[in-house]
Amino acid sequence: MRITLERSNLLKSLNHVHRVVERRNTIPILSNVLLRSDGASLEMKATDLDLEITEATPAQVEQAGATTVPAHLLYDIVRKLPDGSEVLLATNAEGTAMTVASGRSKFSLQCLPQSDFPDLTAGSFSHSFRLKATDLKMLIDRTQFAISTEETRYYLNGIFVHTVESKGELKLRAVATDGHRLARADVEAPSGSEGMPGIIIPRKTVSELQKLLDNPELVVTVEVSDAKIRLTIGSIVMTSKLIDGTFPDYQRVIPANNDKELRVDCQSFAQAVDRVSTISSERGRAVKLALNEGQMTLTVNNPDSGSATEELPVGYDHDPLEIGFNAKYLLDITSQLTGTDAIFMLADPGSPTLVRDLAAEDALYVLMPMRV
C-alpha cells in the first residue's frame, strides 16, 4: 500500500474512529485501526467487538492495499504534524511495517495482518429509516444524562428507542432511567420505523454517536435488527450491538395524578440550587424545597459544614409542601430544559415528581424525591 492524503482529512477521520479503541486491550488486533485503500479513498475501521466505526476519506492511491496499525499511536502522530501538510502512508513489501512520512518527519509503525481484523457488520436489518441529525441529536441530548451506570442492571445502561402511538400520531421515542430519574423524548416517527423492535442502544454507542452528529444539515440512515443497529452519517458508518435485555415498563413510573403545579423560572431556579448545594459535602445530598403560596425556600443542611437557604418567587397556589431532591439530578434536568419556565407537577413528599419543559412539548422528566 502506498497513498498520500491531506493531514486534515486523515486527522478528522482518525478522530472519529480511534475513540472506539480501548486503551487497554488483551487482544492486540483490537488496539489497531484497519486501513484499506482503494480507488481514490482510504477507508478506516476501528472496533471494540461491540461497536464499529468506519469512515472513508479522499486519498491519492499509488498502490492499493490494506493493513492494520496501532490506532492511538497513529492518531497522536498525525495530530502532531503541521497544519496543511501532506502525509504519505506506505507499507513495506512484507506488510510488517508502515511508514508515516510528512515533510522531514518519518515514523515506522508495526503492522498486524488485516485478515485478523474482526468484522461486526454481518447480518441483515429488518427496518430502515432516515432521520434528521437534529432530531436524533435531540432525542439523545434530552435523555442520555439519565442512563444508569450500574452494571448489575445492564438493561438500563442505554437508551430505549421504540415507536409508540401518542395522541393519535406515531412517535419515535427515546427513554432512559437509572431508577432515580427518568427522561423521555419524542419525535415524529419517520417512514420505515413502523413496527420496529424496541431496542436498547448502549451508553458508549450513544456517547460516540452524540459526537458525530455535529452537522445539523445531515440526514442519518438508521438500520435496525433485534441485535444490532447501523447508522450512516455522511461518510461515517457506525455499527453497534444492542443491549440484550428487556427495558422495564417505564409508563408505570410516570405519575398521572400529580395535581400540585409549581412554575419556576428555569435559570433562576438552577442557579439557586447550584448555590445552596455548595454547602453539601458530597454529591447526592438533598436540597429541600419548602413551598408556600408564591414562594419557594431552598435549604441544604450539612452537619459537618453548616447550612444554606435561598428564597425564590414561584408560581404556586396549593397547600404548603416540603419535598427533597438530589441537587445534581435537579441540575441535570434543568440543563436540558430549553424554555424560560419549567413546570413541576407534585403530589406529596414521597411520590415521583413530573417535570415538563414549556418550550418542548415532546420532552418529559420524572424525578424521585429524597427524604429530608
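Residues numbered from 1 in each chain as written. Predicted model: local features only at pLDDT ≥ 70, side-chain atom pairs only at ≥ 80, totals over all residues. Heavy atoms only, no water.

Asker: Looking at this structure, how should I read the packing of helix 1 (residues 7-18) against helix 2 (residues 71-80)?
Answerer: Running from N to C, helix 1 and helix 2 cross one another at 145 degrees; their axes reach a closest spacing of 10 Å. Along this stretch, helix 1 crosses helix 2, giving a crossing that reads as left-handed. When helix 1 is examined against helix 2, the residues R7, L10, L11, L14, N15 and H18 are found in contact with a partner set consisting of A71, H72, L74, Y75, V78 and R79. Grouping the constituent residues of the contact of helix 1 with helix 2 by class yields 7 nonpolar, 3 polar and 2 charged. (Axes fitted to C-alpha atoms, helices over the stretch in contact; angles between N-to-C directions. Helix = DSSP H or I, 4+ residues; strand = E, 2+ residues; numbered from the N terminus. Left-handed = near helix turned anticlockwise from the far one by under 90°. Contact = heavy atoms within 4.5 Å. Nonpolar A, V, L, I, M, F, W, Y, C, P; charged D, E, K, R; others polar.)

Asker: Which parts of the structure should I look at to understand the pairing of strand 7 (residues 86-91)?
Answerer: A regular strand carries its side chains on alternate faces of the sheet. Examined bridge by bridge, strand 1 (residues 2-6) and strand 7 share 5 bridges and lie antiparallel to one another. Each bridged residue has a counterpart across the sheet, and for R2 the counterpart in strand 7 is A90. In this structure, the hairpin formed by strand 7 and strand 8 (residues 97-102) is closed by a connection of 5 residues, where G95 is found at a positive phi of approximately 75 degrees. (Pairing = 2+ DSSP bridges.)

Asker: It is not clear to me how helix 5 (residues 266-276) should be interpreted in this structure. Could you clarify?
Answerer: Note: α-helices contain 3.6 residues per turn, so residues at a spacing of three or four share the same orientation. Those residues of helix 5 that sit buried are C266, F269, A270, A272, V273 and V276. Projected down its long axis, helix 5 shows its buried positions confined to an angular sector of 165 degrees, all on one face. Where the residues of helix 5 are buried, they touch strand 18 (260-265), strand 19 (286-292), strand 20 (295-302), strand 21 (306-313), helix 6 (327-336) and strand 23 (341-346). (Buried < 20%, exposed > 50% of the residue type's maximum accessible area, 1.4 Å probe, protein only. Arc of directions from axis to C-beta.)

Asker: Help me understand the pattern of salt bridges, please; the structure alone is not making it clear to me.
Answerer: When the charged atoms of two side chains lie near each other, side chains of opposite charge can form a pair. A full pass over the atoms with the stated rule returns 22 salt bridges. With a closest N to O distance of 3.5 Å, K171 and E169 form a salt bridge. By relative accessible area, K171 is classed as buried at 11%. Judged by relative accessible area, which is 41%, E169 ranks as partly exposed. (Salt bridge = Lys/Arg side-chain N within 4 Å of Asp/Glu carboxyl O.)

Asker: What is the right way to read the UniProt feature "domain: DNA polymerase III beta sliding clamp central" (unreviewed entry) in the chain from this model?
Answerer: Under the local residue numbering, the UniProt record ascribes the feature "domain: DNA polymerase III beta sliding clamp central" (unreviewed entry) to residues 131-249. In residues 131-249, the share of helix is 18% and the share of strand is 42%. The end C-alpha atoms are 26 Å apart. (UniProt positions renumbered as here; feature names shortened; annotations may be inferred.)

Asker: In this structure, what is going on with the sheet that holds strand 21? I would like to understand it.
Answerer: Two orientations exist for strands paired in a sheet by backbone hydrogen bonds: parallel and antiparallel. Within the open sheet, the 4 strands sit side by side as 21-20-19-22. Their pairing is antiparallel. In the strand order of this sheet, the two ends are held by strand 21 and strand 22 (321-326), each with one partner. Taking the axes of each pair of neighbouring strands and ignoring which way they run, one obtains an average angle of 20 degrees across the sheet. In terms of strand pairing, strand 19 meets strand 20 through 5 bridges, oriented antiparallel. The residue of strand 20 that forms the bridge with L289 is L298. Contacts between helix 5 and the sheet are confined to strand 19, strand 20 and strand 21, with strand 21 contributing the most and set at about 170 degrees to the helix. Strand contacts of helix 6: strand 19 and strand 22, with the helix running at about 85 degrees to strand 22, the strand carrying the most contacts.

Asker: Help me understand empty space enclosed by the protein in this model?
Answerer: Take a probe with the size of a water molecule and roll it over the atoms, and the empty space left behind shows itself. By the definition in use, this model includes 1 cavity of 30 Å³ or more. Computed from the structure, the largest cavity encloses a volume of approximately 160 Å³. Residue lining of the largest cavity: 19 residues in total, with L136, L139, V161, I201 and I229 positioned closest to the centre. At the level of elements, strand 10 (127-132), helix 3 (133-143), strand 11 (158-166), strand 12 (169-177), strand 14 (199-202), helix 4 (203-212), strand 15 (219-224) and strand 16 (228-233) are the ones that each hand at least two residues to the lining of the largest cavity. No other element matches the 4 residues that helix 3 contributes to the lining of the largest cavity. A per-class count over the lining of the largest cavity returns 18 nonpolar, 1 polar and no charged. (1 Å grid on protein atoms, 1.4 Å probe; cavity = no way out; pocket = protein on both sides within 12 Å on 5 of 7 lines; lining within 4 Å. Points joined across faces, edges and corners; volume = space filled by probe spheres on them.)

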